[in-house]
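# Secondary and tertiary structure notes
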Amino acid sequence: MKAVIIDNETKVREALKKLLATYCPSVECIGEANGCVSGRTLIEDQTPDLIFLDVEMDDGLGVDLVKSYPSMKGSVIFITAHDKYAVDAFKCSALDFLLKPIDPEDLIVSVEKARIQNETFNLQQKIEVLESHLSKDKGGAKIVLSDSESIHLIKMNQILWCCAEGSYTKFMLEDGAEILVSRNLKSYEDILDSRDFVRIHHSYLVNINHIKRFERSEGGMLVMNNGGILPVSVRKKDNLMQVLKKWNQNTVIK
């Protein structure tokens, strides 16, 4: 694979080239750039298979470079400094990314994913999902979910709850649809906004905006707006009550 590195930090570019030479010898670095303008020229001239792209540079954002070049063919791996909010946004969008300083094992995984990735899902759509999170637009924020047949763009506010199915997670949606994803529930608990999603049981993560009422009988049950009834574990009950109280206060203030 032929790769280019676009990052405004010389030390980052040099370190990444050394890591590629050591851990990913099948990847040939054919060029580098230090900004969006020079980066686009580099991509147009070299048509690389793989593009390592800094999220924020002196003359613009990496996502804006991708948006301005819809015919871009190479796989993109973003490079970003550690920031939990940004990292969660990338996870929701299904865009691949590496944290600075770059870990060799993460680099190997990302390069292999780029080698075998399915090109049927449009890069521009992933960028749209990423930006919906970075803009903090709760109403428009989306998540990318992949099942055995399709890749779905789902608005976060359309998710009723998530249910553990072994090592899989089933998403229950407002329109009655169900999507089974090959990732465990804990991974989505880490990604989904804790202001809207709360773990009520080892098997359930719910969107509090779709809760109709809490019933104290039989240890505790949640009745959802669609009529679904979900168990609340004893260990999760106190946290649920605190979350609902805080949510109610914020809603009244608004």
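Note that the structure is a prediction, hence the values are computed from the model and not measured.

### Overview of the sheet that holds strand S16 (residues 221–224)
Ordered by their spatial adjacency, three strands build an open sheet running S15-S16-S17, and the pairing between neighbours is antiparallel. One side of each edge strand has no neighbouring strand; the edge strands of this open sheet are strand S15 (211–215) and strand S17 (229–231). Pairs of neighbouring strands in the sheet enclose a mean axial angle of 25 degrees, with direction left out of account. Sheet topology note: the S15/S16 ladder contains four bridges and is antiparallel. Within S16, the residue paired with Ile 211 across the bridge is Met 224.

### Description of the packing of helix H1 (residues 10–23) against helix H5 (residues 104–116)
One can describe the packing of H1 onto H5 by two numbers: an axis separation of 10 Å at closest approach and a directional angle of 70 degrees. Classified by the angle between their axes, H1 and H5 sit roughly perpendicular to one another. Here H1 contributes Leu 16, Leu 19, Leu 20 and Tyr 23 to the contact with H5, which in turn contributes Pro 104, Leu 107, Ile 108 and Val 111. Within the contact of H1 with H5, the residues separate by chemical class into eight nonpolar, no polar and no charged.

### Here's the deal with H5
Since there are 3.6 residues in each turn of an α-helix, residues three or four apart along the chain are aligned in direction. When the terminal C-alpha atoms of H5 are compared, their 19 Å separation across 13 residues agrees well with the 18 Å that a helix rising 1.5 Å per residue should span. Buried within H5 we find Leu 107, Ser 110, Val 111 and Ala 114. Angular distribution of buried residues about the axis of H5 spans 100 degrees; they occupy a single face of the element. Across H5 from its buried face, at more than 90 degrees, point the exposed residues Glu 105 and Ile 116. Packing partners of the buried residues in H5 comprise H1, strand S3 (50–54), strand S6 (75–81) and strand S7 (96–100). For H5, the capping residue at the N-terminal end is Asp 103, with a side-chain oxygen 2.9 Å from the backbone nitrogen of Glu 105.

### A look at the environment of Val 232
Among the secondary structure elements, Val 232 is positioned in the loop between S17 and helix H8 (234–253). Remark: the alpha-carbon pair of Val 232 and Lys 155, spanning 77 residues in sequence, is separated by 25 Å. Those residues within four positions of Val 232 in sequence are excluded, and the remaining contacts are Ile 200, Phe 214, Gly 219, Gly 220, Met 221, Leu 222, Lys 237 and Leu 240.

### Focus: the pairing of S3
Across the five residues of S3, five count as buried, placing the element largely inside the fold. Here S3 shows two buried faces, one formed by Leu 50, Phe 52 and Asp 54 and the other by Ile 51 and Leu 53. Pairing between strand S1 (residues 2–6) and S3: four bridges, direction parallel. Note on S3: the bridge partner recorded for Ile 6 is Leu 53. With five bridges joining them, S3 and S6 adopt parallel strand pairing. Paired with Leu 53 across the two strands is Phe 78, which belongs to S6.

### What about the pattern of salt bridges?
The tally for this structure, following the rule as stated, stands at 14 salt bridges. Across the salt bridge formed by Lys 17 and Glu 14, the nearest N and O atoms sit 3.2 Å from each other. Linking Lys 17 with Glu 14, this pair stays in helix H1, spanning three residues, or about one helical turn. Its relative accessible area of 24% is what places Lys 17 among the partly exposed residues. Glu 14 sits in the partly exposed class, given a relative accessible area of 34%. For Lys 186, the salt bridge goes to Asp 190, with nearest N and O atoms at 2.7 Å.

### Remarks on the side chain of Thr 169
With respect to the helices and strands, the residue Thr 169 is situated in strand S11 (residues 168–173). Of the polar contacts made by the side chain of Thr 169, one reaches the backbone oxygen of Arg 183; its length is 2.6 Å. Separated by 3.1 Å, the side chain of Thr 169 and the backbone nitrogen of Leu 185 make a polar contact. Contacts of Thr 169, omitting those with residues within four sequence positions, involve Cys 162, Cys 163, Ile 179, Leu 180, Val 181, Arg 183, Asn 184, Leu 185 and Tyr 188.

### Concerning the sheet that holds strand S14 (residues 204–207)
Spatial strand order, S12-S11-S10-S14-S13: five strands in an open sheet with antiparallel pairing. Lying at the two open borders of the sheet, with one neighbouring strand each, are strand S12 (178–181) and strand S13 (197–201). Shown here is a sheet whose adjacent strand axes are inclined to one another by a mean of 20 degrees, direction ignored. Here strand S10 (residues 159–165) pairs with S11 via six bridges, running antiparallel. Bridge pairing in S11 places Ile 159 opposite Leu 173.

The rules behind these values
Within each chain, residue numbers correspond to sequence positions counted from 1 in written order. Totals for whole chains, interfaces and linings use every residue, but because this is a predicted model, local features are given only for residues with pLDDT of at least 70 and side-chain atom pairs only at 80 or more, for both listing and counting. Excluded from the side-chain calculations are hydrogens and water; all other atoms, namely the structure's heavy atoms, are used. Should DSSP find at least two bridges between two strands, the strands are taken to pair. Under the scheme used here, helices are H or I runs from DSSP no shorter than 4 residues and strands are E runs no shorter than 2 residues, and both carry numbers assigned from the N terminus. Angles shown run from 0 to 180 degrees and are taken between the N-to-C directions of axes, each axis being a line fitted to C-alpha atoms and, for helices, limited to the stretch in contact. In these notes the angle categories are as follows: under 35 degrees is roughly parallel, over 145 is roughly antiparallel, 65 to 115 is roughly perpendicular, and the rest is oblique. Note on definitions: a residue-residue contact is assigned when non-hydrogen atoms from the two residues lie within 4.5 Å. Only Asp, Glu, Lys and Arg are considered charged in this grouping, and only Ala, Val, Leu, Ile, Met, Phe, Trp, Tyr, Cys and Pro are considered nonpolar; every other residue, Gly among them, is considered polar. One less than the residue count of a helix, multiplied by 1.5 Å, gives the span that helix is expected to have. Each residue's exposure class comes from its accessible area (1.4 Å probe, protein chains only) as a fraction of the maximum for that residue type: buried when under 20%, exposed when over 50%, partly exposed otherwise. Here, the arc refers to the directions that run from the helix axis to the C-beta atoms. Two N or O atoms count as a polar contact when they lie within 3.5 Å, although within protein this holds only if one can serve as hydrogen donor and the other as acceptor, and sequence-adjacent residues are included solely when both atoms are side-chain atoms. Criterion for a salt bridge: a side-chain nitrogen of Lys or Arg within 4 Å of a carboxyl oxygen of Asp or Glu.

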